[in-house]
Amino acid sequence: MIISMCDDRAKDLIAEQETEPREKSEIHKKVLEFIGKRYEVHLTDGRYIRGTLIATDKDANMVFNRADERWTPSADQGTRYLGQAMISKKYVARMIPLSEPEPARNPEEVKETEI
C-alpha cells in the first residue's frame, strides 16, 4: 500500500505567481515622500533622536537609520550613536525635518593646499 503525502489540489509553492503592479493609494504615496529624509524626533521623555526615516508600519511606528540620541537640543554635548532606532508613535512629541547633509566630495576635486 502506497500513501501519498501530497494533495493534488495543493498549489505548488515554487510555481510562478501572478504579480501585477497595483496602483498605490494616496496615503501610500504621501508616506513615500517622508521615507529617506532626515528628521529630529523629540520624545516624550526629553530625548532627541536624529536619523534618516527608512520605514514605517500601519500603526505609524518609525524606523530610523544612522540615528543618534541626545538629551539636549544642541549637538555640542554628549551624543550617543544608535545605528538603527525604532520609535513607537506613542513616544513622539514632535518631529522636525532636517536639511539634507552635504554630499561627500570627490577627493580628486579637492585641491591640495601648500603648508
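In this text, all values refer to a predicted model and were calculated from it rather than measured experimentally.

Basis of the calculations
- Within each chain, residue numbers correspond to sequence positions counted from 1 in written order.
- Side-chain atom pairs in this predicted model are given and counted only at pLDDT of 80 or more, local residue features only at pLDDT of at least 70, and totals for whole chains, interfaces and linings cover all residues.
- To get the side-chain values, take all heavy atoms of the structure and skip hydrogens and water.
- Counted as salt bridges are all cases of a side-chain nitrogen of Lys or Arg within 4 Å of a carboxyl oxygen of Asp or Glu.
- Runs of E in the DSSP output that reach at least two residues are strands. Runs of H or I that reach at least four are helices, and both are numbered from the N terminus.
- Pairing between strands requires that DSSP locate at least two bridges from one strand to the other.

Draft legend 1. Just the pattern of salt bridges, in detail. Scanning the model with the defined rule gives six salt bridges in all. Residue E69 is joined to R47 by a salt bridge in which the shortest nitrogen-to-oxygen separation is 2.7 Å. On the criterion of sequence distance, the pair formed by E69 in strand 3 (residues 62-70) and R47 in the loop between strand 1 (38-43) and strand 2 (48-56) is long-range, its members being 22 residues apart.

Draft legend 2. Region of interest: the pairing of strand 2. Where strand 1 meets strand 2, five bridges bridge the pair, whose relative direction is antiparallel. Note that in strand 2 the partner of H42 across the bridge is Y48. Remark: four residues form the turn of the hairpin made by strand 1 and strand 2, two consecutive strands paired antiparallel; G46 in that turn has positive phi of roughly 100°. Judged from the seven bridges that link them, strand 2 and strand 3 form a sheet pairing that is antiparallel. Residue pairing for strand 3: R50 is matched across the bridge by D68. Turn length for the strand 2-strand 3 hairpin, with the two strands adjacent in sequence and antiparallel, is five residues, and the turn residue A60 shows positive phi of about 70°.

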